[in-house]
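Structural features, examined
Single-letter residue listing:
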Amino acid sequence: MDEEVTARSFRFVTSRRARIATAGWGIALAALVPALASPTLKAQQVPSDSASAPATTPPFPSAYAGATVCAQCHQKEAQAWASTPHALDSSLPSEKTILGSFAPGENMLHTRNPNLVFAMSDRPDGFYQSAVNVSDPDHPSSESQKFDIVIGSGRHGQSYLFWFRDYLYELPVSWWTSTHQWVDSPGYPDGEVHWNRSVGPRCLECHASRFSWAPPPTNHYQKDDLVLGIDCERCHGPGALHVERERSAKPPPPASPEEAIVNPERLSRQRQMSLC
């Protein structure tokens, strides 16, 4: 059965008391969020997706050598690549990769709904976004999702994704670098709570090196076959055969087709653009 996280929304009661109370949450709310109840996600059947299968069959995972293997012979290039936006275009969450602030007073996103606050928290088991209903300040309630993937190098900003089983979704709060603040994620309405914005393959095509798509629906993937960041083989092609031949007793001549690797500099401009 195809499954998708259901859209959720709190029922908010607008009152002067709630508006006044919301302004004073700040640091206290940051400490309170981890203890608030987090409802279990529900699944629902979704209609068949209209997306068609890829026109060509992608290489098998065994065709790839991996960036670590590439770096064994290309250390200088690997070191230069590691600090580029390509390398940082997607990653697992950590204190280093998440640019958004979790400091008290900076970890909140107030919305146009005076009774809805998003709080970002750093817990022992990971990083979380929580939608907090403060319509009753004495008995706030929340629901949370975990940061599972960081999207974006941070030059302009970052968005964040979470897994529900093998289905990938965008978290409702992103980070905007120039203003140093949390903002609504693209596609999410301000002042509402939703956790159902699907992440399709067109997103990962730009922000990841490799993934195994398993539709329907469009956000269904094989979690154990996802390579984050834009690594060597995204531009140079699968490298396992190249490594095998270069390590053989008779390596192929330099710049020959037998090297079994792509050098984008030798491609036409049109093919370079297609590669990207």
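Everything below is about the structure shown above.
Residues numbered from 1 in each chain as written. Predicted model: local features only at pLDDT ≥ 70, side-chain atom pairs only at ≥ 80, totals over all residues. Heavy atoms only, no water.

**A closer look at the overall build of the protein**
Basically, it comes down to this: Going along the chain from the N terminus, every DSSP run of H or I of four or more residues is numbered as a helix, and every run of E of two or more is numbered as a strand. To be clear on the numbers: accessible area is Shrake-Rupley with a 1.4 Å probe, and residue cover counts the displayed protein chains and nothing else.
In terms of helices and strands, the protein carries eight helices and 14 strands. Here the protein displays about 15700 Å² of accessible surface, and carbon together with sulfur accounts for 54% of that area.

**Topic: the nonpolar core**
We count it as follows: We define the nonpolar core as a collection of buried residues of types Ala, Val, Leu, Ile, Met, Phe, Trp, Tyr and Cys that are connected through side-chain atoms lying within 4.5 Å of one another. Remark: exposure states derive from per-residue accessible area (1.4 Å probe, protein chains only) relative to the maximum for the residue type, with buried under 20%, exposed over 50%, and partly exposed in between.
Grouped together as the largest cluster of nonpolar side chains are 20 residues, with contacts concentrated most on Phe118, Phe147, Tyr160 and Trp182. Of all the secondary-structure elements, those providing two or more residues to this core are β5 (116–123), β6 (126–133), β9 (157–164), β10 (167–170) and β11 (173–176). Judged by nonpolar contacts, the second largest core, of nine residues, contains Ile149, Ile151, Ala208 and Tyr221.

**Things to note about the side chain of Glu143**
Rule in force here: We define a polar contact as two N or O atoms separated by no more than 3.5 Å, with the added condition that, inside protein, one atom must be a possible hydrogen donor and the other a possible acceptor, whereas residues neighbouring each other in sequence contribute only through side-chain atom pairs.
Summarising the element assignment, Glu143 is placed in strand β7 (residues 141–146). At 2.6 Å, the side chain of Glu143 forms a polar contact with the side chain of Trp195.

**Quick notes on the side chain of Glu259**
We apply this condition: Under the convention used here, Asp and Glu are negative, Lys and Arg are positive, and both His and the chain ends fall outside the count. Whenever Lys or Arg places a side-chain nitrogen within 4 Å of a carboxyl oxygen from Asp or Glu, that contact is recorded as a salt bridge. Contacts were defined at the residue level, with two residues in contact if any of their heavy atoms lie within 4.5 Å.
You can see Glu259 is positioned in the loop between α7 (240–246) and α8 (269–275). No salt bridge is formed by the buried Glu259; its nearest oppositely charged neighbour, Arg266, is found at 4.8 Å. When neighbours within four sequence positions are excluded, Glu259 is seen to be in contact with His242, Glu246, Pro252, Pro253 and Pro254.

**Remarks on unusual backbone geometry**
With omega at -5°, the peptide bond leading from Pro215 into Pro216 counts as cis. Its location among the elements puts Pro216 in the loop between β13 (208–213) and β14 (221–228). Positive phi outside glycine occurs at Ala255, with the angle close to 65°. Classification of Ala255 as partly exposed rests on a relative accessible area of 46%. Here Ala260, not a glycine, exhibits a phi torsion of approximately 60°, which is positive. Its place among the elements puts Ala260 in the loop between α7 and α8. By relative accessible area, which is 21% here, Ala260 ends up partly exposed.

**Points about the sheet that holds β7**
Which entries qualify depends on this criterion: The criterion for strand pairing is that DSSP finds at least two bridges linking the strands in question. The axes are straight lines fitted to the C-alpha atoms, using for helices just the contacting stretch, and the angles between their N-to-C directions are given from 0 to 180°.
One open sheet holds the four strands; their spatial order is β4-β5-β6-β7, and the pairing between them is antiparallel. The sheet is open, and its two edges are formed by β4 (108–110) and β7, each paired on a single side. On average, adjacent strands in this sheet sit at an angle of 20° to one another, irrespective of strand direction. The sheet contact formed by β6 and β7 spans six bridges and is antiparallel. In the sheet register, Tyr128 faces β7, and the bridge partner there is Lys146.

Everything listed here is a matter of geometry and, on its own, says nothing about what the molecule does.
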